[in-house]
Amino acid sequence: MKAKYGLALLGLVIAAAAVWLLTRPAPLANMSHACPQPESGVSIVTFSGQAGEQFQFSMSSNITSGELDLSLCDQAGNVVKRMGQAKELATHFTLLEAGIYTLRMEYRDFSGDFSAAVYRDGPMG
């Protein structure tokens, strides 16, 4: 009897995982970088959006040394949201203007690894 419930539970877990894998949002843009030795630089990805469109930004890092700074810039190069430094971060943002935006990760004397991604978060408001 216990085996029957165990198999049913396993089947539900597998079905839930399959649904999640098939319906999870795909990133509009993403980046990742690993630095075994300290280095400095900038990683960027771009995406376009319309005024009122909502986005989610996520970042994770494993910092051995140095600094990371994540920011969002508009097409003129102005910083419209500074997300700063974090080991893990998930934040939301609504675009005020249509255009091409840049997610910019600056790293200074950094060793470790990081990844960041942009997802469409919801309907235009």
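As a reminder, the structure under discussion sits directly above these lines.
Thresholds applied
Residues numbered from 1 in each chain as written. Predicted model: local features only at pLDDT ≥ 70, side-chain atom pairs only at ≥ 80, totals over all residues. Heavy atoms only, no water. Helix = DSSP H or I, 4+ residues; strand = E, 2+ residues; numbered from the N terminus. Buried < 20%, exposed > 50% of the residue type's maximum accessible area, 1.4 Å probe, protein only. Lys, Arg positive; Asp, Glu negative; His and termini not counted. Salt bridge = Lys/Arg side-chain N within 4 Å of Asp/Glu carboxyl O. Polar contact = N/O pair within 3.5 Å; in protein donor to acceptor, adjacent residues only side chain to side chain. Phe/Tyr/Trp six-rings, centres within 6.5 Å; stacked < 30°, edge-to-face > 60°. Core = buried A, V, L, I, M, F, W, Y, C linked by side-chain atoms within 4.5 Å. Contact = heavy atoms within 4.5 Å.

K.L.:
Can you walk me through the side chain of D74 in this structure?
P.N.:
The topology assignment puts D74 in the loop between β2 (54–73) and β3 (79–84). Buried charge D74 goes without a salt bridge, the closest partner of opposite sign being R104 at 11 Å. Side-chain polar atoms of D74 contact the backbone nitrogen of A76, separated by 3.0 Å. Only 2.9 Å separates the side chain of D74 from the backbone nitrogen of N78, close enough to count as a polar contact.

K.L.:
Could you clarify how one ought to interpret the pattern of salt bridges in this entry?
P.N.:
Pairing of side chains with opposite charge becomes possible as their charged atoms draw close. Taken as a whole and assessed by the stated rule, the structure comprises 5 salt bridges. For E53, the salt bridge is made with R120, and the minimal N-O distance between the two is 2.3 Å. Of this pair, E53 sits in the loop between β1 (29–49) and β2 while R120 sits in strand β5 (residues 99–122), and the two are 67 residues apart along the sequence. Given a relative accessible area of 7%, E53 falls into the buried group. Take R120: its relative accessible area is 42%, and that puts it in the partly exposed class. In this structure, E106 engages R108 in a salt bridge whose closest nitrogen and oxygen atoms are separated by 3.4 Å. The partly exposed category is assigned to E106, whose relative accessible area is 25%. For R108, a relative accessible area of 27% corresponds to the partly exposed category. Through salt bridges with shared partners, one network takes in E67, R104, E106 and R108.

K.L.:
Sorry, what's going on with the packing of aromatic side chains here?
P.N.:
Aromatic rings considered in pairs are described by the distance between their centres and by the relative angle of their planes. For the structure on display, the rule yields 6 aromatic pairs. Where F47 meets F57, the ring centres are 6.2 Å apart and the plane angle is 55°; that geometry is what we call tilted. You can see F47 sitting in strand β1 and its partner F57 sitting in strand β2, a full 10 residues away along the chain. Pair check on accessibility: F47 and F57 agree, each one buried.

K.L.:
Honestly, the nonpolar core in this entry has me stumped. Any pointers?
P.N.:
General note: in soluble globular proteins, nonpolar side chains tend to be found buried as a group. Core analysis: the largest hydrophobic core is formed by 23 residues, its most contacted members being M31, F47, F57, L72, L103, M105 and F114. Listed by contribution, the elements that provide at least two residues to this core are β1, β2 and β5. Broken down by element, this core gets its largest block of residues, 8 residues, from β5. Excluding its chain neighbours within four sequence positions, the residues that come into contact with F57 are F47, L72, M83, L89, A90, T91, F93, L103, A117 and V118.

In short, geometric facts, not functional conclusions.
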